[in-house]
Amino acid sequence: MKKNVGFIGWRGMVGSVLLKRMIEENDITDINLIFFSTSNFGNQAPTINNISYGILKNAYDIDLLMNLDIIITCQGSKYTNDIYFKLKKLDWKGYWIDASSVLRMKSDVIIVLDPVNYNIIIDSINKGIKTFVGGNCTVSLMLMALGGLFQKNLIEWISVSTYQAASGSGSGHMVELLSQMGVLYNSVSTDLKNPFCSVLDMERTVANIIKTDHFPVSKFSVPLATSLIPWIDISMSNGQTKEEWKGEVETNKILGSKKIIPIDGICVRIGSLRCHSQSFTIKLKKNISIIDVKTILKNHNTWVSVVENNYEDTINNLNPLKVSGTLNILVGRIKKMTIGNDYLSVFSVGDQLLWGAAEPLRRILLILKKTI
């Protein structure tokens with residue numbers, strides 16, 4: 001019998017990427033997919049491959065939700081807080097799949113990334129765990145990139161600097177970055193056509209435009225175009241931001257670590273539209289050759305590719321544009337550091353809307369369809 005699967009938040013950025021992937025991989029033919037809405041219920045649900053999915057259901061209708069075998073939500077933390085605990089109090093027997101962060105650190109919740117923690121996922125299902133959530137985007141991308149080193153227990157600690165795209169903050173932030181770019185281009189568009197115009201004059205014009213009150217900064221609070229923001233999420237008591245805090249706690253939960261692997265660094269928002277990059281300083285537990293490191297990394301999962309540490313390969317391949325819209329995880333700039341042979345430097349890039357958000361949710365749905 002087909003499982004009744006409710007989908008909430010399918011029109012948002014992560015939800016739309018997830019739905020696209022489900023359609024591409026033909027995941028929806030063997031489930032009874034029901035579309036819900038928090039604001040548009042009663043209107044027409046989407047038509048997919050010439051098949052109508054009826055009328056949008058009310059995402060706050062507890063009676064309807066109670067009849068679902070699986071709920072997938074990309075609606076955000078507020079919706080989860082409003083609905084999840086109500087269903088649990090009513091002893092709902094279904095499975096909850098969530099893109100938001102609100103449930104991640106609860107003891108009866110599994111953060112899913114099956115190329116890394118498949119055995120933990122299966123064991124948790126067998127033990128009766130019914131709540132599965134996606135991890136932080138940079139954590140998931142890091143684990144996909146460095147999974148082989150974690151699997152072989154070769155990492156003592158990691159210091160990381162992230163370079164996170166505007167879309168990681170949401171669609172409105174992505175639009176604001178594009179708006180900022182447009183304003184700046186328009187301010188110098190005529191000068192750019194004049195070969196005699198001083199570039200310093202153009203830079204001064206841009207700098208003055210950025211400082212004006214009408215420059216669009218309602219989402220980021222400050223300009224991102226031509227700049228960067230070395231702060232993501234709220235402040236923690238130890239000087240970290242919450243985004244930086246997640247690096248250690250979520251990684252170790254996903255891995256089921258018996259001994260905590262220290263992970264810390266600085267998370268930076270940059271003017272890329274999509275895809276997150278990360279620069280890792282890794283303290284290895286022992287000295288292993290670069291050849292062995294590359295072999296370990298690329299053999300861990302199907303999606304990792306090693307970019308050779310030279311100029312041409314690096315500038316052409318190790319960047320957000322190369323992986324945008326794909327499941328590819330690229331790792332490069334792999335080299336030993338001058339501070340010691342057991343110190344490794346690695347740079348990675350991946351699409352945070354896919355492995356960093358939607359794909360782990362799609363894959364846990366596949367696992368549940370086969371096992372429950």
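All figures in this text were calculated on a predicted structure; none of them were measured in a lab.

1. Section: the packing of helix H6 (residues 171-192) against helix H7 (residues 199-210)
When two helices pack together, you describe them by how their axes are tilted relative to each other and by the distance separating the axes. At a minimum axis distance of 9 Å, the contact between H6 and H7 shows a crossing angle of 155 degrees. Regarding the angle of H6 to H7, the classification is roughly antiparallel. Once H6 is placed against H7, the crossing between them reads as right-handed. Residues Val 183, Leu 184, Ser 187, Val 188, Asp 191 and Leu 192 of H6 form the contact with H7, whose own contacting residues are Met 202, Thr 205, Val 206, Ile 209 and Ile 210. Per-class residue counts for the contact of H6 with H7 are eight nonpolar, two polar and one charged.

2. A few points about the pattern of salt bridges
Considering all chains together, one arrives at 19 salt bridges under this definition. Of the charged contacts in the structure, one is a salt bridge between Lys 78 and Asp 82, with a shortest N-O distance of 2.9 Å. Of the two residues, Lys 78 and Asp 82 are both situated in helix H3 (residues 77-89); the distance of four residues between them amounts to about one turn of the helix. Judged by its relative accessible area of 60%, Lys 78 falls in the exposed class. What makes Asp 82 partly exposed here is its relative accessible area of 25%. Here Asp 123 makes a salt bridge to Lys 127, at a shortest N to O gap of 3.0 Å. Among the residues examined, Lys 127 registers a relative accessible area of 65% and is labelled exposed. Where salt bridges share partners, they join Lys 20, Arg 21, Glu 24, Glu 25, Asp 27, Glu 359 and Arg 362 into one cluster.

3. Quick notes on the sheet that holds strand E9 (residues 131-134)
Read across the open sheet, the seven strands follow the order E5-E2-E1-E6-E7-E9-E8; overall the sheet is parallel. Looking at which strands have only one partner, the edges of the open sheet turn out to be strand E5 (57-58) and strand E8 (110-112). As defined by bridge partners, strand E2 (residues 31-37) adjoins E5 across two bridges and the pair is classed as parallel. Pairing of Phe 36 across the sheet is with Lys 57, part of E5. Sitting on the sheet, helix H1 (residues 13-24) is in contact with strand E1 (3-8), E2 and strand E6 (70-73), with an inclination near 145 degrees to E1.

4. Focus: the sheet that holds strand E10 (residues 155-164)
Reading across the sheet, the six strands line up as E11-E10-E12-E15-E14-E13 and stay open at both edges, with mixed pairing between neighbours. Single-partner strands in this sheet number two, and they are strand E11 (263-269) and strand E13 (304-306). Averaged over neighbouring strand pairs, the angle between their axes works out to 20 degrees when direction is ignored. Across the sheet, helix H8 (residues 242-255) touches E10 and E11, and the angle it forms with E11 is around 140 degrees.

5. Topic: unusual backbone geometry
The backbone phi angle of Asn 49 is positive, close to 50 degrees, even though this residue is not glycine. Relative to the helices and strands, Asn 49 resides in the loop between strand E3 (47-48) and strand E4 (51-52). Using a relative accessible area of 58% as the deciding quantity, one classes Asn 49 as exposed. Even without a glycine there, the phi angle at Asn 153 is positive, about 55 degrees. Looking at the secondary structure, you find Asn 153 in the loop between helix H5 (137-151) and E10.

6. Concerning the environment of Ser 279
With respect to the helices, strands and loops of the structure, Ser 279 is situated in strand E12 (residues 276-284). With relative accessibility at 25%, the residue Ser 279 sits in the partly exposed group. Taking the C-alpha atoms as reference, Ser 279 lies 16 Å from Val 323; in sequence the two are 44 residues apart. Setting aside residues no more than four positions away along its own chain, Ser 279 makes contact with Ser 159, Val 160, Ser 161, Tyr 163, Val 346 and Phe 347.

7. A closer look at the nonpolar core
Phe 7, Phe 35, Phe 132, Leu 146, Ile 158 and Ile 282 are the most contacted members of the largest nonpolar core, which has 86 residues in total. If you tally residues by element for this core, the top one is H5, at nine residues. The contacts of Phe 7, once residues within four sequence positions are left out, are Gly 15, Leu 18, Leu 19, Met 22, Leu 33, Ile 34, Phe 35, Phe 36, Ile 72 and Cys 74. Core analysis: the second largest hydrophobic core is formed by 14 residues, Ala 166, Leu 177, Val 188 and Met 202 among them.

8. Things to note about the packing of aromatic side chains
Going through the model one piece at a time under the given rule, you end up with 10 aromatic pairs. On the numbers, 5.1 Å between centres and 85 degrees between planes, the contact of Tyr 84 with Phe 85 is edge-to-face. Ring geometry for Trp 92 and Trp 96: centres 6.4 Å apart, planes at 85 degrees, overall edge-to-face. Trp 96 matches Trp 92 in its accessibility class, with the two residues each being buried. In this structure, Arg 11 packs its charged tip against the face of Trp 10, placed 5.7 Å from the ring centre. The ring of Tyr 95 carries the charged tip of Lys 130 above its face, separated from the ring centre by 5.2 Å.

9. Re H1
The end-to-end C-alpha distance of H1 is 17 Å, a good match for the 16 Å that 12 residues give at a rise of 1.5 Å each. Those residues of H1 lying buried are Gly 15, Val 17, Leu 18, Leu 19, Arg 21 and Met 22. For H1, the elements touching its buried residues are E1, E2, E3, E6 and helix H12 (354-371). Immediately beyond the C-terminal end of H1, within one or two residues, lies Asn 26, with a positive phi of roughly 60 degrees.

What counts and what doesn't
Residues numbered from 1 in each chain as written. Predicted model: local features only at pLDDT ≥ 70, side-chain atom pairs only at ≥ 80, totals over all residues. Heavy atoms only, no water. Axes fitted to C-alpha atoms, helices over the stretch in contact; angles between N-to-C directions. Helix = DSSP H or I, 4+ residues; strand = E, 2+ residues; numbered from the N terminus. Parallel < 35°, antiparallel > 145°, perpendicular 65-115°, else oblique. Left-handed = near helix turned anticlockwise from the far one by under 90°. Contact = heavy atoms within 4.5 Å. Nonpolar A, V, L, I, M, F, W, Y, C, P; charged D, E, K, R; others polar. Salt bridge = Lys/Arg side-chain N within 4 Å of Asp/Glu carboxyl O. Buried < 20%, exposed > 50% of the residue type's maximum accessible area, 1.4 Å probe, protein only. Pairing = 2+ DSSP bridges. Core = buried A, V, L, I, M, F, W, Y, C linked by side-chain atoms within 4.5 Å. Phe/Tyr/Trp six-rings, centres within 6.5 Å; stacked < 30°, edge-to-face > 60°. Lys NZ or Arg CZ within 6 Å of the ring centre and 35° of its normal. Expected span 1.5 Å × (residues − 1).

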